[in-house]
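In case you want the letters, here they are:
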Amino acid sequence: MNISININGETVTRDVEPRTLLVHFIRDTPGLTGTHWGCDTSNCGACVVQMDGQPLKSCTALAAMCEGHEIRTVEALEVDGKLDPIQQGFHEKHALQCGFCTPGMLMTTRALLDENPDPTEAEIRMAISGSICRCTGYQNIVAAVRWAAENAEAEVQS
Amino acid sequence: MQTPARFDYERATSLQGAIASLKEHEDSRIIAGGHSLLPMMKLRLASPTRLIDINDLTDLQYIREEGDEIAIGALTRHVELLKSELLAEHFPLFKDAELVIADPVVRNRGTIGGSLCQADAAEDLSAVCAAVKATVVITGADGTRTVPMDQFHLGPWTTAVGEGEILTEVRIAKRPGGGSAHEKVERRAGDWAIAAASAAVWIDGGVITDAGIALSAVGLTTIDLTRAEELLRGQPPSEELFEQAGAIASEDCMPIPDSRGPVDYKRHLAGVLTKRALRKATARALS
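This structure is a prediction, so every number in the text was calculated from the model and none was measured.

**Observations concerning the domain arrangement of chain A**
Residue and element names in this part refer to chain A. Partitioning chain A into structural domains gives domain 1 (2-74) and domain 2 (85-154). When each unit is reduced to the centre of its C-alpha atoms, the spacing between domain 1 and domain 2 is 21 Å. In this assembly, 17 residues from domain 1 lie in contact with 13 residues from domain 2. Of the roughly 1,100 Å² buried between domain 1 and domain 2 on both sides combined, carbon and sulfur atoms contribute 62%. Interface area lost by domain 1 to domain 2 is led by His36, Gln50 and Val74, which between them contribute 37%.

Put into structure tokens, the structure is as follows:
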């Protein structure tokens, strides 16, 4: 079936099987491999993208179900060479080592900050409770989100 | 790579259209949030020949007061149940449960209708709806019928929803003097319960006039603790009474040993969580 999905503001059209998962649609067709394909069971959170502004585990959505919705991936965070504050926060606070969970963490916490610009540590930990990081122990990720909250003026795009 | 077996896909544009398609196509299934069905399809535990996507049927997405009842549309997402002030006021056990159902990202998609129809014994909302004695509205080509929660689960992963029918609404009667709570123990964030207990009490003149208690994850289906409910009716609430109800929960549950724990541990948890849920439900009813 022919599927058209708006990904990062551009319409991507492809003839796919109904069983094609969103994560593969994103990675295969426009080649946006920033979205990571992890556990495949909606547990790890590496594949999180935003659908209409809400975080979504893209391994557990059919591409066909996303037609007519706006998908935003990690590639959309940086604009004209300027990092989103949440990306800058991960850099400043060393919130990653291997980086596998990072795209999902970024899209999850970007959505958190859009809804709640000044989250507490508990709110941050709740928001990322569906994302697994085996490197950092989460402490630096929490610090990075706080950094982004405190440096939101650096934001240049939405 | 986990991929479901092949199926046809259609996006429903009306409830009647979805029902007609269900009837027309053998082994077709409704998909809403998909966060239970798609993982099952990846594991070939489910292999429907057609998925009928009802996510556009936003008429089924609401939480509202209708007379002396709260009505919840089947397509209402977990996150909406979590944030509903109306539910928090009348049935706070929904919020208790939603804080520990899966994780916030999954809660953006999963629906109450999907959770109930999944009918997994470890799923929380089945116990929640059983404890508050909800009824579910099931719609077919010939109209609607209602089924009380204690008749909804026919067995593991099996419900009263028949062929060519869709669960469309959950209704809960608001009764004076009510209080409710849900208590769950899980190994880690987002996991299924090791055990969970939902409790509701209705108190009038210092006496429990009615009670509902249901357990998750300690049997083949959600377990209604009718023996404990009978014990509570007509009694003034007390720690001793809750202790006895907890003892009944430990006796009447039917856990199996698995990676989440041995049977004696799960029986112990069922008792403790029943007692805690009753204690909290009573405090809320009296506040």
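**Quick word on the layout of surface pockets**
By volume, the second largest pocket amounts to about 600 Å³. Around the second largest pocket, the lining is made up of 22 residues, and of these Leu112(A), Glu115(A), Ala127(A), Lys83(B) and Pro104(B) lie nearest the centre. For the lining of the second largest pocket, the element with the most residues is helix 3 (residues 102-115) of chain A, which contributes five residues. Residue composition of the lining of the second largest pocket, grouped by class: eleven nonpolar, five polar and six charged.

**Some details on the UniProt feature "domain: FAD-binding PCMH-type" (unreviewed entry) in chain B**
Within the UniProt annotation, "domain: FAD-binding PCMH-type" (unreviewed entry) is assigned to residues 2-177 of chain B. Structurally, residues 2-177 of chain B comprises 30% helix and 26% strand, and the distance from its first C-alpha atom to its last is 49 Å.

**Quick look at the pattern of salt bridges**
Residues and elements named next belong to chain B. Across all of its chains, the model carries 33 salt bridges over all chains by this definition. For the salt bridge of Lys280 with Glu183, the shortest nitrogen-to-oxygen distance reads 3.1 Å. Linking Lys280 in helix 11 (residues 263-286) with Glu183 in strand 11 (residues 178-186), this pair joins segments that are 97 residues apart in sequence. For Glu183, a relative accessible area of 14% puts it in the buried group. Look at the salt bridges and you will find they share partners, linking Arg64, Glu66, Glu69, Glu169 and Arg171 into a network.

**Re helix 1 (residues 15-24) of chain B**
Residues and elements named next belong to chain B. Every buried residue of helix 1 is accounted for by Ala18, Ile19, Ser21 and Leu22. Seen along its axis, helix 1 keeps its buried residues to an arc of 165°; they face one direction. Projecting away from the buried face of helix 1 at angles above 90 degrees are the exposed residues Lys23 and Glu24.

**Description of the packing of helix 2 (residues 85-92) of chain A against helix 5 (residues 139-150) of chain A**
All names here are of chain A. Where helix 2 meets helix 5, the closest approach of the two axes is 8 Å, and the angle between their N-to-C directions is 135°. With respect to helix 5, the element helix 2 is oriented oblique. Here helix 2 and helix 5 pass one another in a crossing that is right-handed. Only Ile141, Ala144, Val145, Trp147 and Ala148 of helix 5 make contact with helix 2, whose side of the interface consists of Pro85, Ile86, Gln88, Gly89, Phe90 and Glu92. Among the residues forming the contact of helix 2 with helix 5, the class breakdown is eight nonpolar, two polar and one charged.

**Quick look at the pairing of strand 2 (residues 28-31) of chain B**
All names here are of chain B. Two strands pair when backbone bridges link them, and strand 2 and strand 3 (residues 50-53) are joined in this way by four bridges, in the parallel orientation. Of the residues in strand 3, the one forming a bridge with Ile30 is Ile52. In this fold, the crossover linking strand 2 to strand 3 by way of helix 2 (residues 37-42) has right-handed handedness.

**Remarks on the domain arrangement of chain B**
Residues and elements named next belong to chain B. For chain B, the assigned domains read domain 1 (8-53), domain 2 (62-172) and domain 3 (193-286). Counting residues at the interface gives 18 residues for domain 2 and 23 residues for domain 3. The contact between domain 2 and domain 3 buries some 1,400 Å² in all, and 58% of this surface belongs to carbon and sulfur atoms. On the surface where domain 2 and domain 3 come into contact, there are two salt bridges.

**Thoughts on helix 2 of chain A**
Residue and element names in this part refer to chain A. Every buried residue of helix 2 is listed here: Pro85, Ile86, Gln87, Gly89 and Phe90. In this structure, the buried residues of helix 2 make contact with helix 3 and helix 5. Between a side-chain oxygen at the N-terminus of helix 2 and the backbone nitrogen of Ile86 the separation is 2.9 Å; the capping residue is Asp84. Two residues or fewer past helix 2, His94 is found with a positive phi of approximately 50°.

**Let's talk about unusual backbone geometry**
All names here are of chain B. Phi is positive for Arg44, close to 65°, though the residue is something other than glycine. Here Arg44 lies in the loop between helix 2 and strand 3. With phi around 50°, Ala102 is a residue other than glycine that occupies positive phi space. Mapped onto the secondary structure, Ala102 falls in the loop between helix 5 (93-98) and helix 6 (104-107). A relative accessible area of 23% places Ala102 in the partly exposed class.

About the thresholds
- Every chain is numbered on its own, with residues counted from 1 as its sequence reads.
- As they are written, the chains are lettered A onward and the ligands numbered 1 onward, keeping that order.
- In view of the model being predicted, local features appear only for residues whose pLDDT reaches at least 70, and side-chain atom pairs are presented and counted only at 80 or more, with totals across whole chains, interfaces and linings using the full set of residues.
- With hydrogens and water stripped out, all remaining heavy atoms of the structure feed into the side-chain values.
- Where each domain begins and ends follows an automated or database-derived domain assignment.
- Residue contacts follow a heavy-atom distance rule, with two residues in contact if any of their heavy atoms lie within 4.5 Å.
- Summed over both partners, the accessible area (1.4 Å probe) lost when two parts come together is defined as the buried area.
- Residues are called lining when one of their atoms sits within 4 Å of a cavity or pocket point, these points coming from a 1 Å grid over the protein atoms alone, where a cavity is a set in which a 1.4 Å probe fits but cannot get out and a pocket is an open set with protein on both sides within 12 Å along at least five of seven lines.
- Grid points are joined across faces, edges and corners, and a volume is the space filled by probe spheres set on the points.
- Helix and strand labels come from DSSP, where a helix needs a run of H or I of at least four residues and a strand needs a run of E of at least two; each type is numbered from the N terminus.
- In this count, Pro and Cys sit with the nonpolar residues alongside Ala, Val, Leu, Ile, Met, Phe, Trp and Tyr, while Asp, Glu, Lys and Arg are called charged and the others, Gly among them, polar.
- UniProt positions are given in the numbering used here, feature names are shortened, and annotations may be inferred rather than shown by experiment.
- Between Lys or Arg on one side and Asp or Glu on the other, a salt bridge is scored when a side-chain nitrogen of the former is within 4 Å of a carboxyl oxygen of the latter.
- For every residue, the accessible area obtained with a 1.4 Å probe (protein chains only) is divided by the maximum for its type, and the residue is called buried under 20%, exposed over 50%, and partly exposed between those limits.
- In this description, the arc belongs to the directions extending from the helix axis to the C-beta atoms.
- For helices, the axis comes from a line fit to the C-alpha atoms of the stretch in contact; other axes are also lines fit to C-alpha atoms, and the angle between any two N-to-C directions lies between 0 and 180 degrees.
- When describing relative orientation, an angle under 35 degrees is termed roughly parallel and one over 145 degrees roughly antiparallel, while 65 to 115 degrees is termed roughly perpendicular and anything else oblique.
- Two helices cross in a left-handed way if the nearer one is turned anticlockwise from the farther one by less than a right angle. They cross in a right-handed way if the turn is clockwise.
- Only strands that DSSP links by at least two bridges are regarded as paired with each other.
- Convention used here: a crossover is right-handed provided that the path from the first strand, over the helix, to the second strand proceeds clockwise when the strands point away from the viewer.
- Whenever two N or O atoms come within 3.5 Å, that pair is a polar contact, provided that in protein one can donate a hydrogen and the other can accept it, and provided that, for residues adjacent in sequence, both atoms are side-chain atoms.

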